[in-house]
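# Notes for the structure review
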Amino acid sequence: MQLRIGLLLTLVFLSYQLSAAQNIVQPGISQQLLKISYLEDTSGTLEPITLLDSTTPEQWTSIGDEIANFGYTNSPFWFHFEIVNPTDVDADKLIEISYPLLDSIDFYRISANKIIHHTHTGDQSPFAERPLEHPYFLFPAQIPAHSTVTFLVKVQTEGTLQVPFRLWDRQDFLIKIGQEDQIHAVFYGILTVLALFNFFVYLALREKTYLYYSLATFGYAFFFATMRGKPFQVLFPDFPAIHNQSLLIIIPFTTLFSALFARSFLAVQKQNVALDNCLKTIAVLAFSCIIASFFVSYAYSVRVSVLLAIPSYLTLLAAGPIMWSKGS
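Below, the structure is looked at part by part. Note that the structure is predicted; figures quoted are calculated from it, not measured.

### Looking at the pattern of salt bridges
Tallied over the full model, the rule gives seven salt bridges. One salt bridge connects D92 with R170, and the closest N-O pair in it is separated by 3.2 Å. Of this pair, D92 sits in strand 7 (residues 91–97) while R170 sits in helix 3 (residues 170–205); the two residues are 78 residues apart in sequence, bridging distant segments of the chain. The exposure class of D92 is partly exposed, given its relative accessible area of 30%. For R170, a relative accessible area of 21% corresponds to the partly exposed category. With its nearest N and O atoms 3.4 Å apart, the salt bridge here joins R228 to D181. A residue pair is termed long-range when its members are at least 10 positions apart, and R228 in the loop between helix 4 (208–227) and helix 5 (230–234) and D181 in helix 3 qualify at 47 residues. Take R228: its relative accessible area is 7%, and that puts it in the buried class.

### Brief notes about the environment of D123
On the secondary structure map, D123 appears in the loop between strand 9 (114–121) and strand 10 (137–143). On the accessibility criterion, D123 (1% relative accessible area) is buried. Placed 20 residues apart in sequence, D123 and D103 show a C-alpha to C-alpha distance of 4.9 Å. Excluding residues that lie within four positions of it along the chain, D123 makes contacts with P100, L101, L102, D103, R130, F137, F232, P240, H243 and N244. Separated by 3.4 Å, the side chains of D123 and H243 make a polar contact.

### Quick word on the side chain of T255
Along the chain, T255 falls in helix 6 (residues 240–265). We classify T255 as buried; its relative accessible area is 1%. Contact partners of T255, with chain neighbours within four places excluded, come to I282, A286, A309, S312 and Y313.

### A word on the packing of aromatic side chains
Two aromatic rings, taken as a pair, are described by how far apart their centres are and by the angle between their planes. Under the counting rule described, the total for this entry stands at 25 aromatic pairs. Between F218 and F253 the ring centres are 6.4 Å apart and the planes differ by 85°, which places this aromatic pair in the edge-to-face class. Of the two residues, F218 sits in helix 4 while F253 sits in helix 6, which places them 35 residues apart along the sequence. Between F253 and F257, the aromatic rings sit 4.8 Å apart at their centres with planes inclined by 55°, giving tilted as the arrangement. Separated by four residues within a single helix, F253 and F257 lie in helix 6, roughly one turn from each other.

### Topic: the pairing of strand 11 (residues 147–156)
Burial of strand 11 is extensive: eight of the 10 residues sit out of reach of the surface. Relative to strand 11, strand 6 (residues 77–85) runs antiparallel, the two sharing nine bridges. Bridge pairing in strand 11 links F79 to V153. As paired strands, strand 8 (residues 104–111) and strand 11 are joined by seven bridges and run antiparallel to one another. Residue R109 lies in a different strand from strand 11, and its bridge partner there is F151.

### Considering helix 3
If you check helix 3, its first and last C-alpha atoms are 52 Å apart, about what 36 residues at 1.5 Å a residue would give, namely 52 Å. Those residues of helix 3 lying buried are F173, I177, E180, Y188, L191, A195, N198, V201 and Y202. Buried positions along helix 3 lie against strand 7, strand 10, strand 13 (165–169) and helix 4.

### Observations concerning unusual backbone geometry
The phi angle at R206 is positive, at roughly 60°, despite the residue not being glycine. On the accessibility criterion, R206 (56% relative accessible area) is exposed. Unlike most non-glycine residues, A267 shows phi in positive territory, near 50°. Its location among the elements puts A267 in the loop between helix 6 and helix 7 (268–271).

### A word on the nonpolar core
F79, F81, I95, F151, V163 and F165 are the most contacted members of the largest nonpolar core, which has 50 residues in total. The element contributing the most residues to this core is helix 6, with seven residues.

### Here's the deal with the packing of helix 3 against helix 4
Contact geometry of helix 3 with helix 4 gives a least axis separation of 8 Å together with a crossing angle of 160°. Comparing the axis directions of helix 3 and helix 4 gives the class roughly antiparallel. Both helix 3 and helix 4 take part in a crossing whose hand is left-handed. For the pair helix 3 and helix 4, the contacting residues are F187, Y188, L191, L194, A195, N198, F199, V201, Y202 and L205 in the first and K208, Y210, L211, Y213, S214, T217, F218, Y220, A221, F224 and A225 in the second. Of the residues in the contact of helix 3 with helix 4, the class split is 17 nonpolar, three polar and one charged.

Analysis parameters
Residues numbered from 1 in each chain as written. Predicted model: local features only at pLDDT ≥ 70, side-chain atom pairs only at ≥ 80, totals over all residues. Heavy atoms only, no water. Salt bridge = Lys/Arg side-chain N within 4 Å of Asp/Glu carboxyl O. Helix = DSSP H or I, 4+ residues; strand = E, 2+ residues; numbered from the N terminus. Buried < 20%, exposed > 50% of the residue type's maximum accessible area, 1.4 Å probe, protein only. Contact = heavy atoms within 4.5 Å. Polar contact = N/O pair within 3.5 Å; in protein donor to acceptor, adjacent residues only side chain to side chain. Phe/Tyr/Trp six-rings, centres within 6.5 Å; stacked < 30°, edge-to-face > 60°. Pairing = 2+ DSSP bridges. Expected span 1.5 Å × (residues − 1). Core = buried A, V, L, I, M, F, W, Y, C linked by side-chain atoms within 4.5 Å. Axes fitted to C-alpha atoms, helices over the stretch in contact; angles between N-to-C directions. Parallel < 35°, antiparallel > 145°, perpendicular 65-115°, else oblique. Left-handed = near helix turned anticlockwise from the far one by under 90°. Nonpolar A, V, L, I, M, F, W, Y, C, P; charged D, E, K, R; others polar.

Written out as structure tokens, the structure reads:
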């Protein structure tokens, strides 16, 4: 009896591991977060077919209703999932990875343990090589009626490895992304107008405060746009190296001119020497990060920039109340 129970529990566990990464096409549902399983390739030598033949379900870790996020890692990660279409009609779907700062993505469609389609992309490849020209990584997925399709995805990056997989109805995605792009266009437009207006005020008055504010505002606009991959798509689609370098520069650039603006606008040099020295230190370190980004590796440079930005913006957040308490 105990043996039967043990075997039953084992079968249940294995069936859960195998089905945890299955996703069912549901008519009327425009998008859903994909259930996936992942495997870390610590050796960096695994191949897709070998991976399917030699691994067991227990070696894969299932992710349910969560986004795969592994922080900074040098290892490639493999993701496995299946899409089941139990309906009587073919499903015209898109698989979306909505994090545009991934260096390398290999997308495999598998059938009978054979690769029937392979796509390579990432932000280290020219933009035109993407299956669909969009800042997010989009992969068309036709799921025939009454079928199950298997996918393998290999992802490797020097930055943060987060891979938000979603399954979209193609038409619903196009409508949604069009609306989202309009909202972001208004946001970038407002910041651009602010930056230009203050730059022209600087040209008229020669007050450095307006120049610092203009450059800081431009930095914020470019940073948010870069995090969505827009400058890569619009400004330099054939130069992925410039796209990657721009992210390394824009974080300390924005920190630098935010610190200079706060120091100038609040006139801290006259009322609070300690805070003034702190802001000057932030500016010097941020400028050093910009210079260092041309000589050190991407992985090290982006980590240092983020590490500097966190205490820097906490200091900037406190600078206003500190100066207000001094009577400014």
